[in-house]
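Coordinates in review
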Amino acid sequence: MSDSRPGSDSDPSERHLLREFADLLYGSKTCYAGVLSPDGRLEYANDTARTLVDASAAGVEGAFFWETPWFDHDPEIQAAVRRHVAAAAEGERRQFTTTHEASDGETVTVDLDLQPLPAPAVADIGSGTDVFAVAVTGHRESATTGSDAEATLDALAALYDSTADGDHGFAERVQTVLELGSDHLGLDEGFYTKIDGDVQLIRASVGDHPLLQPGEQADLGDTYCKKTISESSPTVMEDVGQTPFADDPAYDVFGLECYVGAEIRLGDTTHGTLCFADREPRATPITESDETFVSALAGWLEHELEHEREREQLARQADRLDEFAGVVAHDLRNPLNVASGHLNLAAARIEDGDSGAEAVADAQSAVDRMTELVEDVRSLASEGAVVGDPEVVSLRAVAEEAASTALPDAATLTVETDAGEWLAADPERLRTVFENLFRNSREHGGDDVAVTVTSVGPRAGDCEVGFSVVDDGCGFGDSDTAQVFEQGYTTRPEGTGYGLSIVEAIVDAHGWTVSAADVEGGGARFDVRGVEFEPEL
């Protein structure tokens, strides 16, 4: 076996994710546990394993497994371990007995299990049969514990195997996770939620509980998930009726007797939860391995969500690049022809003894128009790029800051945030959204236009939360509201038609949606949906 294998130069972010994933699964275990890269290098070893030989993480991570302190006492054992690792890296599970020499000089006999993990689909590489990593667990030969960890490892391997098909979309992968978790834990219900403000939305589920079906929603205060997002580790309740939570409204609403839930976070914000439950108490305790398994599933889902969002953003950027070529070719052609015509006219008049000043001035106006168009196209390109890391920002504060530069003194701004004020967004890009919407209101409603920004929740009749911007101007009239976001579309002779395109690009880059409509009685309304309001600060 050579000291390098195809795929051994893995992406640093993937290696970091692998170590975090392994620590979730094995960090608190009393068995010896570690994870190897396909070339046999040790990527992670838990505290139990390192304590046995008095090794630090930095001292062993990155070294070939057979060259680590667990085996350096015997060259023959090193050679045997190297052969077992090579076989596991090719996809063959290997189980064997070996010895470690502890730091106190004791020789410890250990049963080792090397289990290959197929490459996960989230990496979007490989055939689905390549080995992504090798999981190693070890137990002293006389030990009788560890079956829970082994069962968890088997379930984790099943997760990798089930999601390795790149043809499956995000929704299908989530369904696989729910089915796998429900089966592994022996609980009838599995559900993935999205938390929007004070509302819990069921996005996907397995089981037949009527209130846990996709599309169902409930006040967060009446759910088990409120407890989950308030705790740093998975929430575990094996017999809810015998706990203080039996007095909680959630118990009356859902009637779940057993519940295990983990929080799903994107960046610094709560996205939702991954939960497994049953309407009957669990006959056997939820083990530590069960808890870490649910944490691992939630961590996998977080990574999938980030990956899905990045993939969609990159696809949108590629589409915009194609559009920009057409913008430059089409929208700049007219003012360029106008400038050229006026310059030719000015040259002819100068030849006839005229100053040609008027024609030159007209040409300058056309050039100014091109400059304005170029700046708007450049803004559209940059504002539509992938947004920066979301921050928790105040809808009210950002709207008021935008109004200070985009609305005249005679205009009025009202901000209503009863449905939610704090949201996850790129603050500069969000301000640009408001600035362009406010300028649109001013241009169509005059200097004394009245603008209202309102946060909106599911209880207002929408299936998603967000915010609306409404003015008392002239509205859209005969214009098709489906066209107002198109690049270059404008109803004003002096307009560039890019302000609302910029709004749509920024909203799209956040993963939100935007639509426009007339207001009954006059005015325009813009609705932004898909926003994540923070349930807690």
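Everything quoted here is computed from the prediction, not taken from an experiment.

**Concerning the overall build of the protein chain**
Broken down by element type, the protein chain carries 14 helices and 18 strands. Within the protein chain, buried positions represent 49% of all 537 residues. Relative to all contacts within the protein chain whose residues are 6 or more apart in sequence, the contacts with residues 24 or more apart total 62%. As displayed, the protein chain has an accessible area near 24300 Å², and 47% of this comes from carbon and sulfur atoms.

**Quick notes on the packing of helix H12 (residues 395-406) against helix H13 (residues 427-445)**
Between H12 and H13, the shortest axis-to-axis distance is 8 Å and the interhelical angle comes to 50°. Considering the angle they form, H12 stands oblique to H13. In terms of crossing hand, the pair formed by H12 and H13 is right-handed. Of H13, the residues touching H12 (which contributes Leu-395, Val-398, Ala-399, Glu-401, Ala-402, Ala-403, Ser-404, Thr-405 and Ala-406) are Pro-427, Leu-430, Arg-431, Phe-434, Glu-435, Phe-438, Arg-439 and Arg-442. Residue classes in the contact of H12 with H13 are distributed as 10 nonpolar, two polar and five charged.

**A closer look at the sheet that holds strand E11 (residues 269-278)**
Pairing within the open sheet is antiparallel, and its six strands lie in the order E8-E7-E6-E11-E10-E9. The sheet is open, and its two edges are formed by strand E8 (217-219) and strand E9 (235-237), each paired on a single side. Taking each pair of neighbouring strands and ignoring which way they run, the sheet shows an average axis angle of 25°. Strands in contact with helix H6 (residues 170-185) are strand E6 (189-196), strand E7 (199-206) and E11; relative to E7, the strand with the most contacts, it is inclined by about 75°.

**Section: the sheet that holds strand E13 (residues 412-416)**
In sheet architecture, strand pairing relies on hydrogen bonds along the backbone and comes in two forms, parallel and antiparallel. Taking strand neighbours across the sheet as the criterion, the five strands line up as E13-E15-E16-E18-E17 in an open arrangement whose pairing is mixed. Here the strands that pair on one side only, and so sit at the sheet edges, are E13 and strand E17 (513-518). Put simply, the sheet's adjacent strands are angled 15° from each other on average, direction ignored. As defined by bridge partners, E17 adjoins strand E18 (residues 524-529) across six bridges and the pair is classed as antiparallel. Among the inter-strand pairings, Asp-518 is bridged to a residue of E18, identified as Ala-524. Sitting on the sheet, H12 touches E13, strand E15 (450-456) and strand E16 (466-471), and the angle it makes with E13 is about 170°. Where H13 meets the sheet, its contacts fall on E13, E15, E16 and E18, and the angle it forms with E16 comes to roughly 25°.

**What about the pattern of salt bridges?**
Throughout the structure, instances matching the rule amount to 15 salt bridges. The salt bridge involving Arg-173 is made with Glu-304; its shortest N-O contact spans 3.1 Å. Of this pair, Arg-173 sits in helix H6 while Glu-304 sits in helix H9 (residues 288-331), and the two are 131 residues apart along the sequence. Accessibility assignment for this pair places Arg-173 and Glu-304 in one class, buried. Salt bridges here are not isolated pairs; linked through shared partners, they connect Glu-189, Asp-208 and Arg-279.

**Thoughts on the confidence of the model for the protein chain**
Averaged over every residue, the pLDDT of the protein chain is 79; residues scoring 70 or more account for 72%. For the protein chain, per-element mean pLDDT is lowest for helix H5 (residues 147-162), which scores 59, and highest for helix H8 (residues 249-254), which scores 96. Within the model, pLDDT remains below 50 along residues 1-9, and this stretch shows 15 contacts once partners closer than five positions in the same chain are excluded.

**Observations regarding H6**
Here H6 spans 23 Å end to end across 16 residues, near enough to the 22 Å set by a 1.5 Å rise per residue. Buried residues of H6: Phe-170, Arg-173, Val-174, Thr-176, Val-177, Leu-178, Leu-180, Gly-181, Ser-182 and Leu-185, and no others. Positive phi shows up at Gly-186, right after H6, with a value of about 70°.

**Topic: the packing of aromatic side chains**
Given two aromatic rings, their pairing is described by the distance between the two centres and the angle made by the two planes. Scanning all chains against the criterion turns up eight aromatic pairs. Pairing Tyr-224 with Phe-245 gives two aromatic rings, centres 5.0 Å apart and planes at 50°, and the pair type is tilted. Highlighted residues: Tyr-224 in the loop between E8 and helix H7 (225-228) and Phe-245 in the loop between E9 and H8, separated in sequence by 21 residues. The burial state of Tyr-224 is the same as that of Phe-245; both residues are buried. One aromatic cluster in this structure is built from Tyr-224, Phe-245, Phe-254 and Tyr-259. Note that Arg-41 overlies the ring of Phe-64, its terminal NZ or CZ placed 4.1 Å from the centroid.

**A look at H13**
Here H13 is 19 residues long and its end C-alpha atoms lie 26 Å apart, about the 27 Å a rise of 1.5 Å per residue gives. Just past H13, the residue Gly-446 takes up positive phi, approximately 90°.

**A short note on the nonpolar core**
Core analysis: the biggest nonpolar cluster contains 39 residues, and Leu-423, Leu-430, Phe-434, Phe-438, Phe-467 and Trp-512 have the highest contact counts within it. If you list the elements that add at least two residues to this core, you get H12, strand E14 (422-425), H13, E15, E16, helix H14 (499-509), E17 and E18. Looking at this core, the element that brings in the most residues is H12, giving six residues. Not counting residues up to four positions away in its chain, the partners in contact with Phe-434 are Leu-395, Val-398, Ala-399, Ala-402, Val-453, Phe-467 and Val-469. Within the second largest apolar cluster, 26 residues are counted, among which are Leu-36, Val-81, Val-110 and Val-134.

Reading the values: the criteria
- Residues numbered from 1 in each chain as written.
- Predicted model: local features only at pLDDT ≥ 70, side-chain atom pairs only at ≥ 80, totals over all residues.
- Heavy atoms only, no water.
- Helix = DSSP H or I, 4+ residues; strand = E, 2+ residues; numbered from the N terminus.
- Buried < 20%, exposed > 50% of the residue type's maximum accessible area, 1.4 Å probe, protein only.
- Contact = heavy atoms within 4.5 Å.
- Areas by Shrake-Rupley, 256 points an atom, 1.4 Å probe, with all protein chains shown as cover.
- Axes fitted to C-alpha atoms, helices over the stretch in contact; angles between N-to-C directions.
- Parallel < 35°, antiparallel > 145°, perpendicular 65-115°, else oblique.
- Left-handed = near helix turned anticlockwise from the far one by under 90°.
- Nonpolar A, V, L, I, M, F, W, Y, C, P; charged D, E, K, R; others polar.
- Pairing = 2+ DSSP bridges.
- Salt bridge = Lys/Arg side-chain N within 4 Å of Asp/Glu carboxyl O.
- pLDDT = per-residue confidence, 0-100.
- Expected span 1.5 Å × (residues − 1).
- Phe/Tyr/Trp six-rings, centres within 6.5 Å; stacked < 30°, edge-to-face > 60°.
- Lys NZ or Arg CZ within 6 Å of the ring centre and 35° of its normal.
- Core = buried A, V, L, I, M, F, W, Y, C linked by side-chain atoms within 4.5 Å.

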